Amino acid sequence: MSETFRNEWVENVDVCVVGAGHAGCEAALACARLGLETVVFTVSIDSIALMPCNPNIGGSSKGHLVREVDALGGEMGKNIDKTFIQSKMLNVSKGPAVHSLRAQADKADYSRSMRKILENQEHLTVKQAEICDVIIEDKTVKGVVTYTGTTYMCKAVILCTGTYLKARCLCGEAITYTGPSGLQAANNLSTHLIENGVKLRRFKTGTPARMDKRSIDFTKMEEQFGDERIVPFSYSTDPESIQKEQISCWLTYTNEETHKIIRANLDRSPIYAGIIEGTGPRYCPSIEDKVVKFAEKERHQVFIEPEGLYTNEMYVGGMSSSLPEDVQLKMYRTVPGLENCKIVRNAYAIEYDCLEPNQLLPSLELKEISGMFCAGQFNGSSGYEEAAAQGIIAGINASMKLLGREPVILDRSQAYIGVLIDDLVTKDNREPYRMMTSRAEYRLLLRQDNADLRLRKIGHEVGLVSDEDYEKTLEKERLIEEEVLRLKSTTVGASKNIQEFLEKFGSSPLKTGTSIAELLCRPELSYEALAEIDPERPFLPEAVIEQVCIHIKYEGYIERQKHQVEQFKKTEKKLIPEDIDYDDVLSLRLEARQKLKQFKPLNIGQASRISGVTPADVSVLLVYLEQQRLRKQHE
Amino acid sequence: MDNNTIAAISTALSEGGIGIIRLSGDDSIVIADKIFKTKKGERKLLSFSSHTIHYGFIYDGDEIIDEVMVSIMKAPNSFTRENVVEINCHGGILVCKKILNLVLSNGARLAEPGEFTKRAFLNGRIDLSKAEAVMDVISSQSELALKNSLRQLEGRLYEKIKELRDKTIYEIAFIESALDDPEHISLDEYPERLTETVNYLLKEVTSLYESSKKGKFVKEGINTVIVGKPNVGKSSLLNVLLGFERAIVTDVEGTTRDTIEEHVTLKNVSLNLYDTAGIRDTEDYVENIGVERAKKYADTADLILFMLDGTRPLTEEDEQIIDLIKNKNVIVLLNKIDKDCIIDKEDIRKKFSGEYALLEISAKESIGIDSLEKVIEDMFIEGTISSKDEMYITNIRQAEALLSAKNSYELVLNSINDGLPEDFYSIDLMNAYSSLGRIIGEDVDDDLVNEIFTKFCMGK
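The rules behind the values
- Residues numbered from 1 in each chain as written.
- Chains lettered and ligands numbered in written order.
- Predicted model: local features only at pLDDT ≥ 70, side-chain atom pairs only at ≥ 80, totals over all residues.
- Heavy atoms only, no water.
- Pairing = 2+ DSSP bridges.
- Helix = DSSP H or I, 4+ residues; strand = E, 2+ residues; numbered from the N terminus.
- pLDDT = per-residue confidence, 0-100.
- Contact = heavy atoms within 4.5 Å.
- Phe/Tyr/Trp six-rings, centres within 6.5 Å; stacked < 30°, edge-to-face > 60°.
- Buried < 20%, exposed > 50% of the residue type's maximum accessible area, 1.4 Å probe, protein only.
- Buried area = accessible area lost by both parts, 1.4 Å probe.
- Polar contact = N/O pair within 3.5 Å; in protein donor to acceptor, adjacent residues only side chain to side chain.
- Nonpolar A, V, L, I, M, F, W, Y, C, P; charged D, E, K, R; others polar.

1. Focus: the sheet that holds strand S7 (residues 109-110) of chain B
Residues and elements named next belong to chain B.
(1) Moving on: Read from one edge to the other, the open sheet built from 7 strands follows the order S3-S4-S5-S6-S2-S1-S7, with strand pairing classed as mixed. If you trace the sheet from one side to the other, it starts and ends with strand S3 (36-38) and S7, each paired once.
(2) Moving on: Pairing between strand S4 (residues 52-60) and strand S5 (residues 63-73): 9 bridges, direction antiparallel. In the sheet register, Ile58 faces S5, and the bridge partner there is Asp66.

Given below as structure tokens:
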């Protein structure tokens, strides 16, 4: 065992959160708000809730996560509502399940605002220190030790180390052993985790350059505006309070010249030269990757996005790279509008240690170390929103454990958070995991517009959602139900004025009487339009009308998914005992047995989702479990 | 899934005897009631009490399919502790299959391998001590099903299904990547393009389904292979069997595999005759081609016709073939008995252990063919050879999967016509993709995510 320097000072607290990024902030706030004495450690107080990559929160499926975090009583949604500089609802022409909110953040403001929340949270202490060691006795976590030797004894630790563990940044041949944005890396903790039997692996990711705004010629780019009507992320934010002037983003493109330069210098890219050992994500490829893998594409989009109101730095979305500085300059300057660009910060790739997440329970506690919870990029995910989502769950569950209550485990039919965590702990992820709507099999039910209806109740039971906020959700639920019922039971006849109304909207005439609900199902008739023939209509808030319309228009599909969910729930309820010995189940195929041993699924549903486990294996397992149950009964 | 009503043919399939189609689950009686009428033409299965048996007819619409006895066993007093219905029909592969199809199209689902037994156990009907056996049944039957399904799917059919699946997942990945990254990938005018693709997929899958319904898809019969070294008269035998007056030769162009096969119906027995003789004509093969061929078919054939040239002594090559096939169902044919035979019959007998038939024939002069036919028929009736039941099931399974893929594609077209947003298309496309996957034994797993990342350039 390697020795950690210890001084004599010992503090006693309930929970230690290691890292104050998006996971760490949510985790720490959740614990403190539930009354536990909590310390959150960060290598730099100035980097709380730092956004070291893209300057936005939300986006497809990530917007869903933010809403869910908010519904559970988290901070991310409220914080971006305070600090955004542009907002857009994506996919509005598509179905309601894939609408997704995305906001450009003022990065510095976002970080400052979150820091203020943390610093003023009762029961929460913010401490600048690198954690070097975790004290573990009898497979139970007891405390942490800082680099300066102070011991913090505690009952739970939440590791949210992001990309800081043994971080290495690469910009061509130039390599620095730092975390993101040149911040100090955490070089000591990995070794101690490994000594305690925790399995780590190495991932990598990257970020593009930041440009000086004054060196960019925006006349050669297309301006990208925000939405006219801004929708807040948080259910607690009053929409009227956030209507404000927005800042534009800009769109330009790479070209053949750009690609030529990249191809000619591939041997100087650390990835292509084999210097990087970590596995990178395929979904946000570096510009080198794009040019190599999609050679047939003549151009790639480049989004120029402001990093904030009080800085000239502009983020160059779509062109992350680990090429050397001179190649970066050459390459960026081929892009229309960037001919004279000056780089403020170079693009770079970053490699870091992270967890093999199949060591986790769905509560985000390590299976083998009681009281040790993990969240965020350390678990092999990527993205601020994915991190925050795990952060709040780890925070809640560490608290539940200390308070002697049951953990909160969201399943795949309840939330994107459930899909995210289930995928992390049961699948063999070979790259940083990003949320995508296609990963959610029940996405028609898991919409960003109904996260409050899905999760407020849980947040309230946990104790993170106030009675007042919860009452609002219950009231909303009631209004939706009443209005759906009313529309279904209000009928109109085939009278002259109704036929004229229909004709006006190019809708086919009625043959017999029909309900307003049925008319609403016609694509050409909106709820608003139907007001004309629906005089009894009550006044309702926008959010209620939205739910009513979705409910009625997509009822068939929604019912179908609800049915699938019922089936799904059955298999989730069939638990597999922790002490099961798969070698005792002789009829299992070898591959299935190995996978089951590796992932240790908690229930039959989880087992069935492990790749390499067939339906026949699941049947065999069911029979085995029943056999064991009967045996116990006989004894 | 577990509460569904399942159905299967529960007797060995053969041309004679009684066939039983068994249903188990909540809706068994309701489903059977939809297709069964009593002698007087009444629908009253629902009113009968448990453990009774009823005479009547199975109907497909207005058409009578078969005269049957239907027994009803209500939960929990049945083998599976669920509602169970058994339809005893007059057997015959065609009738059994027809009734099973009727049951399936009226709301039952085809049982998974070993599923009746599994349910019986899980519902406490089978003794604890039998659990191991139950698990073995499940895993061995499902392996067999997969092996059969793959065995029958070599070649062009497999390729076709792959092609349809690839096209399908490509479209899903395109839609999904556009949803995940709307600023990089646009769906403008996409519904028109998708309509074209789905129309093609629908056309292809429909034609596959139609041929599977006609039984042309996988030919049902005893897989029979003629092996022997070159120039022993294999082709002559094939020709004489095909040229036989009673023989019916079906042409299954378009659905057959690379190997040429012929379907021959002798009096009561159907044979899939694997004619590998053609290969030799086009390629200059070395002497051991007979061995290679025997190797290839020994594992999968139900019956092997091993030909020897009676005018020549046993060679090393003959012995090699014997080694490969000696534990299979073999009929040894000494050919060319119209000429001077010098081969030592005792020598051959010594090489084979156990029982087998040795016939002397002349393929060229049609001598001994009657006896050959008789021997095959006897073996079939005695049950020495049977075309594996799984094959019929596989066939139904495949037809079921194709039908469900077809329905899914139709739903996609409906969604497009109704102007639903694009994310709704991928729901049904994904269903089609996984249905087609069932045919070739591949599940979905992370296919979609992989396809998205490899085919489409995502942003950031």
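2. Description of the confidence of the model for chain B
Residues and elements named next belong to chain B.
(1) Moving on: Scored by pLDDT, chain B has a mean of 78; 76% of the residues are at 70 or more.
(2) Moving on: Here helix H8 (residues 277-282) is the element of chain B with the lowest mean pLDDT, 38, and helix H1 (residues 28-35) is the one with the highest, 95.
(3) Moving on: In this model residues 244-260 is a low-confidence stretch, pLDDT under 50, and it forms 40 contacts with partners more than four residues away in sequence or in other chains.
(4) Moving on: Confidence drops under pLDDT 50 across residues 277-287; counting only partners more than four residues distant or on other chains, this segment forms 8 contacts.

3. Let's talk about the packing of aromatic side chains
(1) Moving on: By the definition in use, this model includes 8 aromatic pairs over all chains.
(2) Moving on: Ring geometry for Tyr442(A) against Phe568(A): centres 5.5 Å apart, planes inclined by 55 degrees, an arrangement best described as tilted. Of the two residues, Tyr442(A) sits in the loop between helix H10 (416-426) and helix H11 (451-462) while Phe568(A) sits in helix H17 (residues 555-573), which places them 126 residues apart along the sequence. Across the pair, exposure class does not vary: Tyr442(A) and Phe568(A) are buried alike.
(3) Moving on: A centroid spacing of 5.9 Å and a plane angle of 65 degrees characterise the contact between Tyr55(B) and Phe57(B), whose relative ring orientation is edge-to-face.
(4) Moving on: Judged by its relative accessible area of 34%, Tyr55(B) falls in the partly exposed class.
(5) Moving on: Note on Phe57(B): relative accessible area 18%, which makes it buried.
(6) Moving on: Aromatic rings pair up to connect Tyr554(A), Tyr557(A) and Phe424(B) into one cluster.

4. Comments concerning the interface of chain A and chain B
(1) Moving on: Tallying the contact residues gives 60 residues for chain A and 50 residues for chain B.
(2) Moving on: Overall, the association of chain A and chain B removes approximately 4600 Å² of surface from exposure, summing both partners, and the carbon and sulfur fraction of that is 57%.
(3) Moving on: Looking only at chain A, the three residues that lose the most surface to chain B are Arg282(A), Tyr557(A) and Val623(A), adding up to 13% of its buried area.
(4) Moving on: At the junction of chain A with chain B, the criterion picks out 13 residue pairs in polar contact (both at pLDDT 80 or more).
(5) Moving on: Going through the elements one at a time, strand S5 (84-90), strand S18 (301-306), strand S19 (313-317), H17 and helix H20 (615-634) of chain A are the ones with two or more residues in the side of chain A that touches chain B.
(6) Moving on: Here the residues of the side of chain A that touches chain B sort into 24 nonpolar, 19 polar and 17 charged.

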